[in-house]
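Overview (structure and organization)
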Amino acid sequence: MTRDAIILVIDDDADLRHALIEQFDLEEGFAAIGASDGAAGLTAADQHKPAAIVLDISLPDMDGFAACGALRDQGVKAPIIMLTGAAQEEEQQVRGLDAGANDYVLKPFKFSVLL
């Protein structure tokens, strides 16, 4: 029996978060958990050791750049994919990559692109 790879979805948009969790759960080999803000995401990452993290840039308690940096500071080595709702300037993309993100996905997106 193999263990499913845990995907942590950190997004304050409950509808999107639940939809992504549901989609990941339908994919063989994946299980997903969610967090609605940066603090809850940091705690979930520490407790569940996810294989990957999907992180929204706009969170209610901190921006995604700060959350990404905090995740890296707490030792998270999993890939982090940042979600953004608007086309970001190149400078902001660089800021996210400098904070430790591995990639960006622009909203709206198809789940197959994220997967």
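Scroll up a little and you will see the structure.
These lines cover the structure that appears in this document, whether it is placed above or below. (Residues numbered from 1 in each chain as written. Predicted model: local features only at pLDDT ≥ 70, side-chain atom pairs only at ≥ 80, totals over all residues. Heavy atoms only, no water.)

1. What to know about the pairing of strand 4 (residues 80-84)
What counts here: Only protein chains enter the accessibility calculation, which uses a 1.4 Å probe. A residue is then buried if its area is under 20% of the maximum for its type, exposed if over 50%, and partly exposed in between. Helix and strand assignments follow DSSP, with helices taken as H or I runs no shorter than four residues and strands as E runs no shorter than two, numbered in order from the N terminus. For two strands to be treated as a pair, DSSP must find no fewer than two bridges joining them.
Among the 5 residues that make up strand 4, 4 are buried, leaving the element largely enclosed by the rest of the structure. Here strand 3 (residues 52-56) runs beside strand 4; their pairing, made up of 4 bridges, is parallel. When the bridges of strand 4 are listed, Val-54 appears paired with Ile-81. Bridge analysis of strand 4 against strand 5 (residues 103-106) gives 4 bridges, and the strand direction is parallel. Bridged to Thr-84 within strand 5 is Leu-106.

2. Re the nonpolar core
The criterion, for reference: Residues belong to one nonpolar core when they are buried, are Ala, Val, Leu, Ile, Met, Phe, Trp, Tyr or Cys, and are joined through side-chain atoms within 4.5 Å. In what follows, residue pairs with any heavy atoms lying within 4.5 Å of each other are defined as contacts.
Ile-10, Ile-53, Leu-55, Leu-71 and Met-82 are the most contacted members of the largest nonpolar core, which has 21 residues in total. Looking at this core, the elements that each hand over two or more residues are strand 1 (5-10), helix 2 (38-48), strand 3, helix 3 (64-73) and strand 4. At 4 residues, helix 3 tops the list of elements feeding residues into this core. Residues in contact with Ile-53, not counting those within four places in the same chain, are Leu-8, Ile-10, Ala-45, Leu-71, Val-76, Pro-79, Ile-80 and Ile-81.

3. Focus on the side chain of Asp-11
Topologically, Asp-11 is positioned in the loop between strand 1 and helix 1 (14-26). Sequence-distant contacts of Asp-11, that is, excluding residues within four places in its chain, are made with Leu-16, Arg-17, Ala-35, Ser-36, Asp-56, Leu-59, Leu-83 and Lys-107.

4. A closer look at the packing of helix 2 against helix 3
Applicable threshold: Where helices are involved, their axes are fitted lines through C-alpha atoms of the stretch in contact, as for all axes, and angles between N-to-C directions lie from 0 to 180°. Just so you know how the angles are binned, under 35 degrees is roughly parallel, over 145 roughly antiparallel, 65 to 115 roughly perpendicular, and the rest oblique. Each crossing is labelled by how the near helix is turned from the far one, with a counterclockwise turn of less than a right angle marking it left-handed and a clockwise turn marking it right-handed.
It is the contact of helix 2 with helix 3, at a shortest axis distance of 10 Å, that shows an interaxial angle of 25 degrees. One element, helix 2, and the other, helix 3, form an angle in the roughly parallel class. The two elements helix 2 and helix 3 meet at a crossing, and its hand is right-handed. Of the residues in helix 3, those in contact with Gly-41, Leu-42 and Ala-45 of helix 2 are Ala-67, Ala-70 and Leu-71.

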